[in-house]
Amino acid sequence: MSKSIIELTKMDTRKFLLNVSSIETVEANPDTVIILRSGRKLIVRESPEDIYKIIEN
C-alpha cells in the first residue's frame, strides 16, 4: 500500500510533509531534486531510492 503523504528533509534539516500526487519527477544530480507538477523544485536530503521506499512502505 503506497502512502499519499510522506515526510522528507530539506537540506537545512527541516522536516516537511509532501503530497505524493504533487510529484512530477525525482532526479539526482547529485542532490535529490523533486520537481512538482506546479513546476516548483525542492532539494531534499533523501535519495531517489529512499523516496521510492518511503512511498511504497
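It should be emphasised that the depicted structure is a prediction, and the values quoted were computed from it without experimental measurement. (Residues numbered from 1 in each chain as written. Predicted model: local features only at pLDDT ≥ 70, side-chain atom pairs only at ≥ 80, totals over all residues. Heavy atoms only, no water.)

A. Layout of unusual backbone geometry. The linkage connecting Asn 29 with the following residue, Pro 30, adopts the cis geometry, with an omega of -25°. Structurally, the position occupied by Pro 30 is in the loop between β3 (23-28) and β4 (32-36). The phi torsion at Thr 13 lies on the positive side, around 75°, for a residue other than glycine. Here Thr 13 is to be found in the loop between β1 (5-9) and β2 (15-19). (Helix = DSSP H or I, 4+ residues; strand = E, 2+ residues; numbered from the N terminus.)

B. Summary view of the nonpolar core. Ile 6, Leu 8, Phe 16, Leu 18, Val 20, Ile 23, Ile 34, Leu 36, Leu 42, Val 44, Ile 51 and Ile 55 together form the largest nonpolar core, which totals twelve residues. The set of elements that each furnish at least two residues to this core consists of β1, β2, β4, β5 (41-44) and α1 (48-56). For Leu 42, the contacting residues outside a window of four places in its chain are Phe 16, Leu 18, Thr 32, Val 33, Ile 34 and Leu 36. (Core = buried A, V, L, I, M, F, W, Y, C linked by side-chain atoms within 4.5 Å. Buried < 20%, exposed > 50% of the residue type's maximum accessible area, 1.4 Å probe, protein only. Contact = heavy atoms within 4.5 Å.)

C. Broad picture of the sheet that holds β3. Reading across the sheet, the three strands line up as β3-β4-β5 and stay open at both edges, with antiparallel pairing between neighbours. Both edges of this open sheet fall to β3 and β5, since each of them pairs with a single strand only. Pairwise comparison of adjacent strand axes, ignoring direction, gives a mean angle of 20° for this sheet. In this sheet, β5 lies alongside β4 in antiparallel orientation, the contact comprising four bridges. Across the sheet, residue Thr 32 finds its bridge partner in β5, namely Val 44. The sheet contacts of α1 involve β3, β4 and β5, and relative to β3 the element is tilted by about 140°. (Pairing = 2+ DSSP bridges. Axes fitted to C-alpha atoms, helices over the stretch in contact; angles between N-to-C directions.)

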